[in-house]
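# Structural description and commentary
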Amino acid sequence: MEPKRSLVRMPKALASEPRKKLTVGELVKKLCQSIGLASVILAMNYGDLLGGGADVRMHVPFRLTGIVAAQLMDIVLLGVVLWAILVPLSRTKMYPWVKLVLAVVVPPYLIWRMQTLIPFVDENGLAPIILAVWAAVLLLLLLRFRRAYGWVLKVGDAVGIFFATWAVFSAVSLLWVMRWKPGPQRIDAAWEVTAQPPREHPRLVWVVFDELSYDQVFEHRAHDLVLPNFDALKQMSTVFTNVQPVGYKTVKIVPSLLTGKVVDDYRFRFNNSFVVHEEGVRGWQPVDGSNSIFGDAKSAGWRTAAVGWYNPYCTIYGSAIDDCYFMNLDRIDGLMSQKDTFVKNTWSPLEQMVRGIRAPAKADRKGCNYDVKQRLSTDQDLEKQWTQVLKTDQADFVFLHLSVPHSPNVWSRMQDDYTQICHSSYLDNLALADRDLGQMLAMLESSPR
């Protein structure tokens, strides 16, 4: 006897007859929902710009107009593509199945896109498990609890309206950030453009190697890491032990270092003013050049100079710095850079999104390589600037904040040269920091000051 065969059919209430022609209102509704879904899918690319984007604005030297325009274009392009696919399908008999596929795929995909914000998902690789469980639940509802399944689809339709609202909020926030004008990225002193007599004033140079490991450099160094310049510096230095860091974030540590007050919170306002909350003090305190070590140096008759990464030195402390330069070309989320063209900034995140679906490992590699190239551009630009400041030998107090050995790693000890691909380690960047220190010491020791 032949075994009976069973076939899973779409419930009659959810399928069968051809779809009617959509009205203009329905077309607009689907377009808004599609753009809303696109804005959520791409939210990880522009989330730091929402609410004024203070953290991004504080660390970029140029306007964000091109970045914002590219982000908005990505949302519109992806939304229109989704709309152009869904509208024809909505007029066919297979549309109920399309909605089932969307209901199965979209929630887990959004969780996967935002997994860096959900630690337990990111660390334990739960995205595939969530997808499987969610798909099983929906199929169970479809086969056994059809009314509940219909409610789920109605909830999904309502969520689409919420997504459209999110898209409007995102667009308004991005357009607001587009209005922002950065403070000065550089201040050129007179001695940089006109000949000056040699200075006789003693010179003081502060150097911040960002994320330098004292343990690796001076105490428990890797057996294959050679740092001759740090070793030489240690022999002529006073070493302080049992020192506790004032904080763990550059945005708090550097203001603490420059003002002498322990900063535990900060605000970078839309007009580029900088205020901090000092430990044990009520209220917010404004910070500028006058209440920093640069102001102290100026009051004592010293010439001041700063070359820095990440923090906007010329904007915040510029009133007390004679010669200043600030640079940070690190990418904006979504493989975007301030110096890339509008077309490239529009295309790269969309290409990366598709690559992330087809080949996640390749996408991660691409993103890492992009990080390395951007940081290398920053590091080489800063090196050019601090070399000029030290060679000119006109500033009496010089503050240098370097982007090494902070990751991404841009040096290869095997090649004894810079690298533009993601294959080196933190130890390689420590070797680069030692190389930079050697160049500085050579220039400083050649000066009679």
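So, a few notes on the structure that sits alongside this text.

Rules behind the numbers
- Residues numbered from 1 in each chain as written.
- Predicted model: local features only at pLDDT ≥ 70, side-chain atom pairs only at ≥ 80, totals over all residues.
- Heavy atoms only, no water.
- Salt bridge = Lys/Arg side-chain N within 4 Å of Asp/Glu carboxyl O.
- Helix = DSSP H or I, 4+ residues; strand = E, 2+ residues; numbered from the N terminus.
- Buried < 20%, exposed > 50% of the residue type's maximum accessible area, 1.4 Å probe, protein only.
- Pairing = 2+ DSSP bridges.
- Axes fitted to C-alpha atoms, helices over the stretch in contact; angles between N-to-C directions.
- Parallel < 35°, antiparallel > 145°, perpendicular 65-115°, else oblique.
- Contact = heavy atoms within 4.5 Å.
- Nonpolar A, V, L, I, M, F, W, Y, C, P; charged D, E, K, R; others polar.
- Phe/Tyr/Trp six-rings, centres within 6.5 Å; stacked < 30°, edge-to-face > 60°.
- Lys NZ or Arg CZ within 6 Å of the ring centre and 35° of its normal.
- Disulfide = S-S within 2.5 Å.
- Expected span 1.5 Å × (residues − 1).
- Polar contact = N/O pair within 3.5 Å; in protein donor to acceptor, adjacent residues only side chain to side chain.
- 1 Å grid on protein atoms, 1.4 Å probe; cavity = no way out; pocket = protein on both sides within 12 Å on 5 of 7 lines; lining within 4 Å.
- Points joined across faces, edges and corners; volume = space filled by probe spheres on them.

## Focus on the pattern of salt bridges
Applying the stated rule across the entire model yields 17 salt bridges. Ionic pairing is found between D265 and R267, a salt bridge with its closest N-O pair at 3.3 Å. The partner of R355 in a salt bridge is E351, with the nearest N and O atoms 3.3 Å apart. Note that R355 and E351 are positioned in helix α14 (residues 342–358) at a spacing of four residues, about one turn of the helix. By relative accessible area, E351 is classed as partly exposed at 30%. One connected set of salt bridges, linked through shared partners, spans R199, R203, D393, D396 and R449.

## Some thoughts on the pairing of strand β8 (residues 397–402)
If a strand is regular, its side chains alternate between the two faces of the sheet. In terms of residue burial, β8 counts as a mostly covered element, since six of its six residues are buried. Going residue by residue along β8, you find F397, F399 and H401 tucked away on one face and V398, L400 and L402 tucked away on the opposite face as well. Of the pairings in the sheet, the one linking strand β2 (residues 204–209) to β8 comprises six bridges and is parallel in character. Paired with V208 across the strands is H401, a residue of β8. Bridge count between strand β6 (residues 304–309) and β8: four bridges; the pairing is parallel. Note that in β8 the partner of T304 across the bridge is F397.

## A word on the packing of helix α5 (residues 95–113) against α14
As a packed pair, α5 and α14 sit with axes 13 Å apart at the nearest point and diverge in direction by 110 degrees. By the angle class used here, α5 and α14 are roughly perpendicular. Every residue of α14 that contacts α5 at Y109, W112 and R113 is listed here: M353, G356 and I357. Here the residues of the contact of α5 with α14 are counted per class, giving four nonpolar, one polar and one charged.

## Focus on the packing of aromatic side chains
Counted by the stated rule, this structure contains 16 aromatic pairs. Ring geometry for W206 versus F397: centroids 5.5 Å apart, planes at 85 degrees, classification edge-to-face. With a gap of 191 residues between them, W206 in strand β2 and F397 in strand β8 connect regions that are remote in the sequence. One aromatic cluster is present, formed by W206, F294, Y313, Y317, F397 and F399 through successive ring pairs. Here the guanidinium or amino end of R179 rests over the ring plane of W176, the centre of that ring lying 4.4 Å away.

## Digging into the state of the cysteines
One pass over the structure, following the stated rule, counts two disulfides. Each disulfide pairs two cysteine sulfurs, and for C368 the partner residue is C422, the sulfurs being separated by 1.8 Å. The S-S bond linking C368 to C422 shows a torsion near 45 degrees; that makes this disulfide right-handed. On the criterion of sequence distance, the pair formed by C368 in helix α15 (residues 360–392) and C422 in the loop between β10 (417–418) and α16 (426–445) is long-range, its members being 54 residues apart. Looking at C368, the relative accessible area reads 23%, which means it is partly exposed. Under the relative-accessibility criterion, C422 is labelled partly exposed at 22%. What connects to what in the protein chain, once the bonded cysteines are numbered by sequence position, is 1-2, 3-4.

## So, α15
Under the 1.5 Å per step criterion, the end-to-end length of α15 is 48 Å for 33 residues, consistent within 8% with the ideal 48 Å. Looking one or two residues past α15, D393 carries a phi angle of roughly 60 degrees, positive in sign.

## Quick word on the environment of C314
Note that C314 resides in helix α13 (residues 313–316). Judged by relative accessible area, which is 2%, C314 ranks as buried. When the C-alpha atoms of C314 and G367 are compared, they prove to be 30 Å apart, with 53 residues separating the residues in sequence. Discounting residues that sit within four places of it in the chain, C314 has contacts with P184, Q185, R186, I187, C324, Y325 and F326.

## Regarding the side chain of D396
Summarising the element assignment, D396 is placed in the loop between α15 and β8. On the basis of relative accessibility, which here comes to 0%, the residue D396 falls in the buried class. At a separation of 2.8 Å, a polar atom in the side chain of D396 contacts the main-chain amide nitrogen of R303. Leave out the neighbours within four places in its chain, and D396 touches R199, H201, P202, R203, L204, G301, W302, R303 and R449.

## As for empty space enclosed by the protein
By the definition in use, this model includes one cavity of 30 Å³ or more. If you add up the space inside the largest cavity, you get close to 50 Å³. Lining the largest cavity are R57, M58, V60, P61, W180, P182, G183, F268, N272, P312, T315 and F326. Taken together, the residues of the lining of the largest cavity sort by class into eight nonpolar, three polar and one charged.

None of this, on its own, says anything about what the molecule does.
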